[in-house]
Amino acid sequence: MALQFIDGKFTRGNATEEIEVINPATEGVIDSVPRGTTEDAMRTVEAAKIAFSTWRRTSANVRATLMHEAAAKMRAHKEQIIHLLTLEEGKPIPENEEEFEWLCNTFDYYAELGRHERGRVLPSGEHTQLNLVIKEPYGVVACIIPWNYPLLLMAWKVAPALAAGNTVIIKPSEITPLSTLYLAEHCWNDFPPGVINILVGYGKEVAEPLVTHRDVPVIAFTGSLATGQRIASLAAPMMKKLHLELGGKDAFVVADDADPEMTARALAYAALTNAGQVCTSTERVYLPERRAAEFTEALVAHVSSLRIGPGVEPSTDMGPMIGATYRDKFETHIADAVRRGAKVLCGGRRPPHMTKGFFYEPTILTDVDKSMLIVSEETFGPAIPLMRYSSFEDAIAKTNDSEYGLGACLVTSDPLKAKLFFEEVKAGTVWINDPLTDNYAGPFGGMKLSGGARELGQEGLDTFRDTKHVHWEFSTTAKSWWYPYGSN
Ligand code: NAD
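Since we're looking at a predicted model, the values are computed, not measured.

Scoring rules and cut-offs
- Residues numbered from 1 in each chain as written.
- Predicted model: local features only at pLDDT ≥ 70, side-chain atom pairs only at ≥ 80, totals over all residues.
- Heavy atoms only, no water.
- Core = buried A, V, L, I, M, F, W, Y, C linked by side-chain atoms within 4.5 Å.
- Buried < 20%, exposed > 50% of the residue type's maximum accessible area, 1.4 Å probe, protein only.
- Helix = DSSP H or I, 4+ residues; strand = E, 2+ residues; numbered from the N terminus.
- Domains from an automatic or database assignment.
- Contact = heavy atoms within 4.5 Å.
- Buried area = accessible area lost by both parts, 1.4 Å probe.
- Salt bridge = Lys/Arg side-chain N within 4 Å of Asp/Glu carboxyl O.
- Polar contact = N/O pair within 3.5 Å; in protein donor to acceptor, adjacent residues only side chain to side chain.
- Nonpolar A, V, L, I, M, F, W, Y, C, P; charged D, E, K, R; others polar.
- Near = heavy atom within 4 Å.
- Areas by Shrake-Rupley, 256 points an atom, 1.4 Å probe, with all protein chains shown as cover.
- Phe/Tyr/Trp six-rings, centres within 6.5 Å; stacked < 30°, edge-to-face > 60°.
- Lys NZ or Arg CZ within 6 Å of the ring centre and 35° of its normal.

### Notes on the nonpolar core
Then, number 1: In this structure, Met74, Phe107, Leu162, Trp188 and Phe191 are the most contacted members of the largest nonpolar core, which totals 64 residues.
Then, number 2: Broken down by element, the residue count for this core peaks at ten residues, all from helix α5 (residues 152–163).
Then, number 3: Both of domain 1 (4–246 + 451–471) and domain 2 (250–432) provide at least three residues apiece to this core.
Then, number 4: The contacts of leucine 162, once residues within four sequence positions are left out, are Trp55, Arg63, Met67, Phe107, Val168, Phe191, Val195 and Ile196.
Then, number 5: Listed in part, the 56 residues of the second largest apolar core include Tyr360, Ile384, Leu386 and Leu436.

See below:
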């Protein structure tokens, strides 16, 4: 059994039960973890709070050195980390190699950004004065993580939070806790006890106590809209700093000048990476009416050639979905679309020859419209629903016709279309001709119901720093405008 990591020690905590971690490709048990309790959460906050009193005063240079050393140790354990990630999350090895790169590089990136500056000097009203804007850590940060990118989404919070001088409590998803616990055991042992802690268990039992704890001022959460709304309502009375990265329903627009072969590959990648279980997965596709048949044909040919299998097989293009509940919900969306008149062009079923694992064939649907769940709600699975648009303005209006606003993709060689698209689309990231490519320095996050948080870049560091203005007058003579009024 892999243990929780609290105050620098591995422990069962108060747990009396265990949670099994399941390999989604085989449905077999990989390992188990303690089912953490509210008492464990309380103890962890206490440890992180004590550690904060020293960590906040540790120099930025020392913090940076520790973070670089952690990145180096993670790289030394590359194979083991990628293997464990593949077993518990299911996506193919190349996608986990990419996630691993993000993990290590994010620690290195924020190690440097954290020692670059901690505020600014303002022009003062008088030459006898100094005005400073100081960025300071908040204290204990709760990092609540989903299962689809367990290490990348953890690093996007933990690295900037530590660099800013906060201590952290990581609550990995109960579905994928093992790779994070592995890091604590093998790569993070140089941090002082209590600076990084890992609580494992269910959201209601270990994460909600963090959300409502008065000594946890920041809740950094990535996950579903429903959980985000629950966290926001619990935290509101305490006016906590909330950093919420929620769901999406990203559109992919194909301009009428696009090349069908290139579009097919870009689109399949955008919709099917991690079996469509990416917050920025393409979930709605808009094709120009005039050339829709051509684009559809190229897409069906390409998607039909993809190989489904366990993530550990080097030949696999697409792995399983994460679990039975998620696949069931996905199948509800497919069935609803078909019942309302959609046609399945490929896929539309579990692979008949694979009796174990939560697999589902990549599925292209046409004759789709917005009355269907597959267009109106987050589907989070390997589906590509195709729709048509009449003019480019119509495509932009359709892209914006969603309660979510996480990302949006466009394929075009026309700079005027590209500019119109990125100016008019209400989404946190717009990708043109290269879907789903992020940048360490480029803020990532959503608009509308996708939540307003930003990770990565300077914005990703500022999330974890509070702002203080200092006004300092060097002269100690009384000011003429102080009481009593009228004395001058
Ligand atoms: P989820 O909301 O079910 O769980 C996320 C985390 O929250 C888990 O650690 C879970 O244990 C915890 N949790 C559950 N109930 C809680 C509660 N009441 N209080 C506090 N914490 C609680 O989400 P999931 O199924 O793990 O992840 C999939 C979702 O995450 C999708 O909606 C996806 O779009 C979203 N997501 C968003 C981004 C982004 O950057 N915007 C990135 C990845 C995933």
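### What about the domain arrangement of the chain?
One widely used convention gives an interface's size as the accessible area the parts lose upon coming together.
Then, number 1: Each domain of the chain was delimited in the assignment, giving domain 1 (4–246 + 451–471) and domain 2 (250–432).
Then, number 2: Here domain 1 and domain 2 have C-alpha centroids that lie 31 Å from each other.
Then, number 3: Summing both sides of the interface, domain 1 and domain 2 together bury roughly 1,900 Å²; the carbon and sulfur share of this comes to 60%.
Then, number 4: Run the count over domain 1 and domain 2 and you get zero salt bridges.
Then, number 5: At the boundary of domain 1 and domain 2, one finds eight residue pairs in polar contact (both at pLDDT 80 or more).
Then, number 6: Elements that contribute at least two residues to the side of domain 1 that touches domain 2 include exactly α3 (78–89) and α4 (93–114).
Then, number 7: A breakdown of the residues in the side of domain 1 that touches domain 2 according to their chemical character gives eleven nonpolar, six polar and eight charged.

### With respect to the site of the ligand
Then, number 1: Near the ligand, the surroundings consist of 29 residues, among which Lys171, Glu174, Leu246, Tyr326 and Glu378 are the closest.
Then, number 2: When the ligand sits alone it has 860 Å² of accessible area, and the protein chains cover 92% of it.
Then, number 3: Put simply, the parts of the chain that give the shell around the ligand at least two residues each are α7 (203–211), β10 (218–222) and α8 (225–235).
Then, number 4: Here the residues of the shell around the ligand are counted per class, giving 15 nonpolar, eight polar and six charged.
Then, number 5: Split by domain, the residues of the shell around the ligand number at least three in each of domain 1 (4–246 + 451–471) and domain 2 (250–432).

### Overview of the packing of aromatic side chains
Then, number 1: Applying the stated rule across the entire model yields 14 aromatic pairs.
Then, number 2: Here tryptophan 55 and phenylalanine 191 contribute two aromatic rings whose centre-to-centre distance is 6.0 Å and whose plane-to-plane angle is 65°, an arrangement assigned as edge-to-face. Of this pair, tryptophan 55 sits in helix α1 (residues 38–55) while phenylalanine 191 sits in the loop between α6 (178–186) and β9 (196–198); the two residues are 136 residues apart in sequence, bridging distant segments of the chain.
Then, number 3: With relative accessibility at 2%, the residue tryptophan 55 sits in the buried group.
Then, number 4: An aromatic cluster is present here, built from Trp102, Tyr109, Tyr110, Trp156, Tyr440 and Phe444 joined pairwise through their rings.
Then, number 5: Above the face of the tryptophan 55 ring, arginine 63 is positioned so that its terminal group lies 6.0 Å from the ring centre.

### A few points about the environment of aspartate 367
Then, number 1: Residue position: aspartate 367 is located in the loop between β15 (363–366) and α12 (373–376).
Then, number 2: Remark: the alpha-carbon pair of aspartate 367 and glycine 341, spanning 26 residues in sequence, is separated by 6.8 Å.
Then, number 3: Dropping the residues within four chain positions of it, aspartate 367 is found in contact with Gly341, Ala342, Lys343, Met372 and Leu386.
Then, number 4: Only 2.6 Å separates the side chain of aspartate 367 from the side chain of lysine 343, close enough to count as a polar contact.

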